[in-house]
Amino acid sequence: MNITLRIEEEKDFRAVENLTREAFWNVYKPGCNEHFILHKLRSSKAFIKELDFVAELGGEIVGNIVYSKAIVVDDAGTKYEVIGFGPISVSPSCQRQGIGAKLIDHTVEIAKEMGFKAIIIFGDPSYYHRFGFKNAEIFDIHTAEGENFDPFMVKELYAGSLQGITGIFFEDGAFNVGEEELELFDRKFPTKEKKVTDTQLALHGAVTIN
Ligand SMILES: CC(C)(COP(=O)(O)OP(=O)(O)OC[C@H]1O[C@@H](n2cnc3c(N)ncnc32)[C@H](O)[C@@H]1OP(=O)(O)O)[C@@H](O)C(=O)NCCC(=O)NCCS
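All figures in this text were calculated on a predicted structure; none of them were measured in a lab. (Residues numbered from 1 in each chain as written. Predicted model: local features only at pLDDT ≥ 70, side-chain atom pairs only at ≥ 80, totals over all residues. Heavy atoms only, no water.)

Okay, the overall build of the chain next. A count of helical and extended segments in the chain gives six helices and nine strands. Radius of gyration (C-alpha) of the chain: 17 Å, near the 17 Å computed for a compact globule of 210 residues. In the chain, buried positions account for 47% of the 210 residues. Taking the intrachain contacts of the chain between residues at least 6 apart in sequence as the baseline, contacts between residues at least 24 apart amount to 69%. Taken as a whole, the chain presents about 11000 Å² of accessible surface, with 49% of it coming from carbon and sulfur. The averaged location of the 33 negative side-chain charges in the chain is 4 Å from the averaged location of its 23 positive side-chain charges. (Helix = DSSP H or I, 4+ residues; strand = E, 2+ residues; numbered from the N terminus. Rg over C-alpha atoms; globule rule 2.2 N^0.38 Å. Buried < 20%, exposed > 50% of the residue type's maximum accessible area, 1.4 Å probe, protein only. Contact = heavy atoms within 4.5 Å. Areas by Shrake-Rupley, 256 points an atom, 1.4 Å probe, with all protein chains shown as cover. Lys, Arg positive; Asp, Glu negative; His and termini not counted. Charge placed at Lys NZ, Arg CZ, Asp CG, Glu CD.)

If you want it as structure tokens, here you go:
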């Protein structure tokens, strides 16, 4: 399979938002909001254009990863810049063929070259531990609610990069999505049925359809 990676261009935005919607639809909740988060992130100051990559197969975009700046704030109020990736999407028909791994490995190397300290994400540990992500608790980094849980993970981009850095993790405001604005945005895409699926039940136990 001949996968090529390149920086995303403005002409790709619509197709990539649709790809994100296809990849996430009904996976974590009925419908999804990740295509809207991606859309909002693009116009955020936190968005990192140099790490916005698409994967192409036969001239068609089949994957995307984006990164944004985030912060860890310690007890003294000192802010430390970190980065996070997401959404990351691979077209459903092309998943489990190494495209996601290619996108992550490639952009992690560039993030290192750019001098960023660490990547902090929320995701499935069984997928991300293989890339060197560890539970945030190990670094004494927690959410604004003071929580830690397995999907909350950190990867140092060089040895000891987070030494002496502990505190609360804050990601960009683009990740906060209101249901109403999401509904309006989603109308710009082809109609898709919202469903409760096994993947949602495994994650949450109970799910409601908006
Ligand atoms: C998650 C995603 C980006 C991974 O990309 P991919 O190209 O399918 O993944 P790769 O081919 O690199 O890796 C495949 C491996 O990851 C595992 N994997 C893939 N998606 C996974 C997931 N959501 N949870 C756990 N494991 C997953 C597969 O079991 C496979 O493991 P194996 O190599 O041990 O068999 C892609 O599946 C996707 O777009 N999923 C829907 C959207 C999503 O969940 N995004 C991530 C949110 S944190």
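So, on to the packing of aromatic side chains. As enumerated under the stated definition, the model contains 15 aromatic pairs in all. For the pair phenylalanine 122 and phenylalanine 169, a centre-to-centre distance of 6.0 Å together with 50° between the ring planes defines the contact as tilted. Taken together, the positions of phenylalanine 122 in strand E5 (residues 118-122) and phenylalanine 169 in strand E9 (residues 167-170) put the pair 47 residues apart, joining distant regions of the chain. In this structure phenylalanine 122 comes out as partly exposed when scored by relative accessible area, which is 39%. For the pair tyrosine 128 and phenylalanine 133, a centre-to-centre distance of 6.0 Å together with 75° between the ring planes defines the contact as edge-to-face. Here the aromatic residues Tyr67, Phe85, Tyr127, Tyr128, Phe131 and Phe133 are joined through ring pairs into a cluster of three or more. Positioned over the ring face of tryptophan 25 is arginine 21, at 4.6 Å from the centre of the ring. The ring of phenylalanine 13 has arginine 42 sitting right over it, with the charged end atom 3.8 Å from the ring centre. (Phe/Tyr/Trp six-rings, centres within 6.5 Å; stacked < 30°, edge-to-face > 60°. Lys NZ or Arg CZ within 6 Å of the ring centre and 35° of its normal.)

Turning next to the site of the ligand. Residues in contact with the ligand amount to 20 residues; listed here are only the nearest, Tyr28, Val90, Arg96, Gly98 and Gly100. Between an oxygen atom of the ligand and a main-chain N or O atom of isoleucine 99, the distance comes to 3.5 Å. For the ligand, the accessible surface in isolation is 860 Å², of which the surrounding protein chains cover 74%. Only helix H1 (13-24), strand E4 (79-90), helix H3 (99-113) and helix H4 (125-128) provide two or more residues apiece to the shell around the ligand. (Near = heavy atom within 4 Å. Polar contact = N/O pair within 3.5 Å; in protein donor to acceptor, adjacent residues only side chain to side chain.)

Grouped together as the largest cluster of nonpolar side chains are 27 residues, with contacts concentrated most on Tyr67, Ile83, Phe85, Ile119 and Tyr128. Secondary-structure elements contributing two or more residues to this core are strand E2 (53-57), strand E3 (60-73), E4, H3 and E5. When residues in this core are grouped by element, the largest group, six residues, is from H3. In this structure tyrosine 128 touches Phe85, Ile88, Ile104, Ile121, Gly123, Phe133 and Met153, once residues within four positions along its chain are discounted. Counting residues in each nonpolar core, the second largest holds 15 residues, with Leu19, Leu38, Phe185 and Phe189 among its members. (Core = buried A, V, L, I, M, F, W, Y, C linked by side-chain atoms within 4.5 Å.)

Here we take up the pattern of salt bridges. Taken as a whole, this structure holds 14 salt bridges when the rule is applied. Between glutamate 9 and lysine 11 there is a salt bridge, and its shortest N-O distance comes to 3.7 Å. The exposure class of glutamate 9 is partly exposed, given its relative accessible area of 38%. The exposure class assigned to lysine 11 is exposed, which follows from its relative accessible area of 63%. A salt bridge links glutamate 109 to lysine 112, with the nearest nitrogen and oxygen atoms 3.3 Å apart. In this pair, glutamate 109 and lysine 112 both sit in helix H3, three residues apart, roughly one turn of the helix. In this structure glutamate 109 comes out as partly exposed when scored by relative accessible area, which is 41%. The class for lysine 112 is partly exposed, based on a relative accessible area of 34%. (Salt bridge = Lys/Arg side-chain N within 4 Å of Asp/Glu carboxyl O.)

Where helix H2 (residues 34-42) contacts helix H5 (residues 179-186), the two axes come as close as 10 Å, and the packing angle between them is 90°. Classified by the angle between their axes, H2 and H5 sit roughly perpendicular to one another. Residues His35, Phe36, His39 and Lys40 of H2 pack against Glu181, Leu182, Phe185 and Asp186 of H5. Within the contact of H2 with H5, the residues separate by chemical class into three nonpolar, two polar and three charged. (Axes fitted to C-alpha atoms, helices over the stretch in contact; angles between N-to-C directions. Parallel < 35°, antiparallel > 145°, perpendicular 65-115°, else oblique. Nonpolar A, V, L, I, M, F, W, Y, C, P; charged D, E, K, R; others polar.)

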